[in-house]
Amino acid sequence: MDADDLSFILNHLGEDREAGFRAVVPPVVQSGNFAYPTVAALRQAMHNEFDLPVYTRGANPTVAVVRRKLAALEHAEDALLFSSGSAAITAGIMAFVRAGDHVVSVRKPYSWTHKLLTALLPRYGVECTFVDGSDAANFRDATTPRTRLFVLESPNSLTFELQDLRAVAGIAREHGIITLCDNSYSSPVFQNPIDLGIDLVAHSGTKYLNGHSDVVCGVLAGSAANIRQVMEREFMTLGAVPSPHDAWLLMRGLRTLELRTNRSADSAERVARFLEAHPKVRQVNWPFLESFPQYGLAKRQMRRCGGLMSFRLHAADIAAVERFCNSLQRFLMAVSWGGHESLLFPTAAVVDPDAQTSELPWDLVRLYVGLEDPETLIQDLDQALARV
Ligand SMILES: *Cc1c(COP(=O)(O)O)cnc(C)c1O
C-alpha cells in the first residue's frame, strides 16, 4: 500500500467532522436506535438499513467510520465489523455454503475456525477437507464438484506455514470457488490478500488492528455484493456486532497501526536472529528468516513479517521448558498477541507430554514481540535460556 494512502486512511478517511460538532475525534454515538421526524424519512431509512442508522445492530455512525477505514485498508469495496474475529470468520464461511456443499481448508487454521469446520458445519450437511497448504495443487486435488469455498490462513499463528495466495486464488477462480483468508498475522499493513485474487479477508481485530489488548473484535472485508450478502443474513441474524464504544477504541488503535506493526516487526527480526543463534534453541519459526522453509514465498507475498514467532527449545524435559517460561520477566504468559505488550505461550500449557499422538511438540514456545525496547527483551530471553 502507498504510504500516503495508508496515512490518509488511518487519520482522515470516513470522518465527517461537520456531522460531529467539528470535533477532531469522531464522537462515540452510544445509541441503540435512531429517530426520524416523518413517516417518509423513516420509510427511506428502513429501506436502507445498512447505510442509514435505524438500529445499532445494522448501522451505527461510529461503527460506519471504522468500516470505511477497514475496507480501504484491505483494498476492499466494503467491510463489516464484528464483536470478535471468530464471529467474522464464522459469518464469512456460513454465508457461502449450504447443505451438501464441501469446503477445502488449509490444515491447522485458527482453533475456533477448525471447530466450526469440524464440529458445527457437519451438523448442517457441510463437509470439510483439510490439506497441506504449502503446495497449492493440494487445493485442486481436494476439490470436488460440490466444493464452494477455500479457507486460508497465511501464515497461521503458531507454526506459520504459508499458502501461495495468488496460486490458490487462481485455482479457485477456475472452479467458481470463493476464497476466504484470515489475514490477522500480517495486518493490512504487511499483506493484502485481495490484491492477490482472494475474495474475502477476515481479521481478528483484537490483535494488530486494535493493538492495545483492550477490545475483542473482528473484521470481514470483500466485494460490496459479497459483504451485503453476509450483512443481510448472517450478520443481522447471528448479531455478533461491536458496541459503538469498542468501535471507537478500535479507531483509536488504528491511528498508530503503521507505527506499531513496523516497530513490532523491527524488534521481532532482532529477537528471531538472536534466538536462531542461541545454542539452547532448536528451530525458530518466523517466515522472514532465511532458514524458514517458505522464505522465498514469504518475501514475495508479504511486505514485512509480524512480531509473532515460535521456537523449539533444546530441553531435556517439560520441567526445563517451564523453568524457561517462569524465569522470563518481560514477557507476560498469556494467549492472544498484537498488543503493546510482549507475550509468551508455551504449548506445554496445553499438550500432554506423554501423549505420542499430539501434533504439537511440548517444547514449542510462541513468542509475541510487542513495543518494548528490543534489547531489554533479548536480555530477558538470554537470562531465561540459561535456565533451560
Ligand atoms: C485471535 C485470532 C482469531 C480469533 O479472533 P478473536 O478476535 O479472538 O475472536 C482468528 N484468527 C487468528 C489468526 C487469531 O490470531
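Residues numbered from 1 in each chain as written. Predicted model: local features only at pLDDT ≥ 70, side-chain atom pairs only at ≥ 80, totals over all residues. Heavy atoms only, no water.

1. Concerning the layout of surface pockets
Taken as a whole, the largest pocket spans an internal volume of roughly 960 Å³. Those elements giving two or more residues to the lining of the largest pocket turn out to be helix H4 (85-94), helix H5 (111-120) and strand S6 (200-204). Residues that form the lining of the largest pocket fall into these classes: 14 nonpolar, 14 polar and 7 charged. Residue-level mapping places the lining of the largest pocket at the junction of two domains, with at least three residues from each of domain 1 (3-254) and domain 2 (257-385). (1 Å grid on protein atoms, 1.4 Å probe; cavity = no way out; pocket = protein on both sides within 12 Å on 5 of 7 lines; lining within 4 Å. Points joined across faces, edges and corners; volume = space filled by probe spheres on them. Helix = DSSP H or I, 4+ residues; strand = E, 2+ residues; numbered from the N terminus. Nonpolar A, V, L, I, M, F, W, Y, C, P; charged D, E, K, R; others polar. Domains from an automatic or database assignment.)

2. Considering the state of the cysteines
All told, the structure shown has 0 disulfides when counted by the stated rule. Not part of a disulfide, Cys305 finds its nearest cysteine sulfur in Cys181, a span of 14 Å. Given the relative accessible area of 1%, Cys305 is considered buried. (Disulfide = S-S within 2.5 Å. Buried < 20%, exposed > 50% of the residue type's maximum accessible area, 1.4 Å probe, protein only.)

3. Quick look at the environment of Gly239
With respect to the element layout, Gly239 can be found in the loop between helix H9 (224-238) and helix H10 (244-254). Looking at Gly239, the relative accessible area reads 27%, which means it is partly exposed. Between the alpha carbons of Gly239 and Ala224 there is a distance of 19 Å; along the sequence they are 15 residues apart. Those residues within four positions of Gly239 in sequence are excluded, and the remaining contacts are Arg57 and Glu234. (Contact = heavy atoms within 4.5 Å.)

4. Some details on H10
Where burial is concerned, most of H10 is hidden: 8 out of the 11 residues are buried. Regarding H10, the residues found buried are Pro244, Ala247, Trp248, Leu249, Leu250, Met251, Gly253 and Leu254. On its buried face, H10 sits against helix H1 (3-11), helix H3 (61-73), strand S1 (78-82) and helix H11 (257-276).

5. Some remarks on H11
With 20 residues, H11 should cover 28 Å at 1.5 Å per step; its first-to-last C-alpha distance of 28 Å lies within 8% of that length. Buried within H11 are the following residues: Leu257, Arg260, Thr261, Ser264, Ala265, Ser267, Ala268, Val271, Ala272, Phe274 and Leu275. (Expected span 1.5 Å × (residues − 1).)

6. Notes on the domain arrangement of the protein chain
A common way to report how large an interface is uses the accessible area buried once the components associate. When cut into domains, the protein chain gives domain 1 (3-254) and domain 2 (257-385). The straight-line distance from the C-alpha centre of domain 1 to that of domain 2 is 28 Å. Facing 37 residues of domain 1, the contacting portion of domain 2 comprises 36 residues. For the interface between domain 1 and domain 2, the tally reads 1 salt bridge. In this structure, Arg300 engages Asp164 in a salt bridge whose closest nitrogen and oxygen atoms are separated by 3.8 Å. At the junction of domain 1 with domain 2, the criterion picks out 20 residue pairs in polar contact (both at pLDDT 80 or more). (Salt bridge = Lys/Arg side-chain N within 4 Å of Asp/Glu carboxyl O. Polar contact = N/O pair within 3.5 Å; in protein donor to acceptor, adjacent residues only side chain to side chain.)

7. As for the sheet that holds strand S4 (residues 147-153)
Ordered in space as S1-S7-S6-S5-S4-S2-S3, the 7 strands form an open sheet in which the pairing is mixed. Lying at the two open borders of the sheet, with one neighbouring strand each, are S1 and strand S3 (127-131). For this sheet, the mean inter-axis angle between neighbouring strands, taken without regard to orientation, is 20°. Pairing geometry for strand S2 (residues 102-106) and S3, over 5 bridges, is parallel. Along S3, the bridge assignment pairs Ser105 with Phe130. Sheet contacts for H5: S2, S3 and S4; angle to S3, the most-contacted strand, approximately 135°. (Pairing = 2+ DSSP bridges. Axes fitted to C-alpha atoms, helices over the stretch in contact; angles between N-to-C directions.)

8. Looking at the pairing of strand S11 (residues 343-346)
Relative to S11, strand S10 (residues 332-333) runs parallel, the two sharing 2 bridges. Paired with Leu332 across the strands is Leu343, a residue of S11. In terms of strand pairing, S11 meets strand S12 (residues 364-368) through 4 bridges, oriented antiparallel. Within S12, the residue paired with Leu343 across the bridge is Tyr368.

9. A word on the site of the ligand
Near the ligand there are 15 residues, and of these Ser86, Asp182, Ser204, Thr206 and Lys207 occur at the shortest range. The contact in question runs from an oxygen atom of the ligand to an N or O atom on the side chain of Lys207, over 2.7 Å. For the ligand, whose accessible area on its own is 380 Å², the fraction buried by protein is 91%. Placement of the ligand is best described as lying within the largest pocket. Here the element with the most residues in the shell around the ligand is H4; it accounts for 3 residues. Of the residues that constitute the shell around the ligand, the class distribution is 5 nonpolar, 7 polar and 3 charged. (Near = heavy atom within 4 Å. Areas by Shrake-Rupley, 256 points an atom, 1.4 Å probe, with all protein chains shown as cover. Sits in = over half its atoms within 2 Å of the grid points.)

10. Quick word on the sheet that holds S12
The strand order across the open sheet formed by 5 strands is S8-S9-S12-S11-S10, and the pairing between neighbours is mixed. Each edge of the sheet is formed by a strand with only one pairing partner; in this case those strands are strand S8 (281-285) and S10. Lying over the sheet, H11 contacts S8, strand S9 (308-313) and S12, oriented at roughly 10° with respect to S9.

11. Observations concerning the packing of aromatic side chains
For the structure shown, the criterion picks out 9 aromatic pairs. A centroid spacing of 6.3 Å and a plane angle of 45° characterise the contact between Tyr185 and Trp337, whose relative ring orientation is tilted. Taken together, the positions of Tyr185 in the loop between strand S5 (178-182) and helix H8 (187-190) and Trp337 in the loop between S10 and S11 put the pair 152 residues apart, joining distant regions of the chain. Assigned by exposure class, Tyr185 and Trp337 land together as buried. Measuring from centroid to centroid gives 5.4 Å for Tyr208 and Trp337, while their planes differ by 90°, and the two rings are edge-to-face. Taken together, the residues Tyr208 in the loop between S6 and strand S7 (218-222) and Trp337 in the loop between S10 and S11 connect sequence positions 129 residues apart. (Phe/Tyr/Trp six-rings, centres within 6.5 Å; stacked < 30°, edge-to-face > 60°.)

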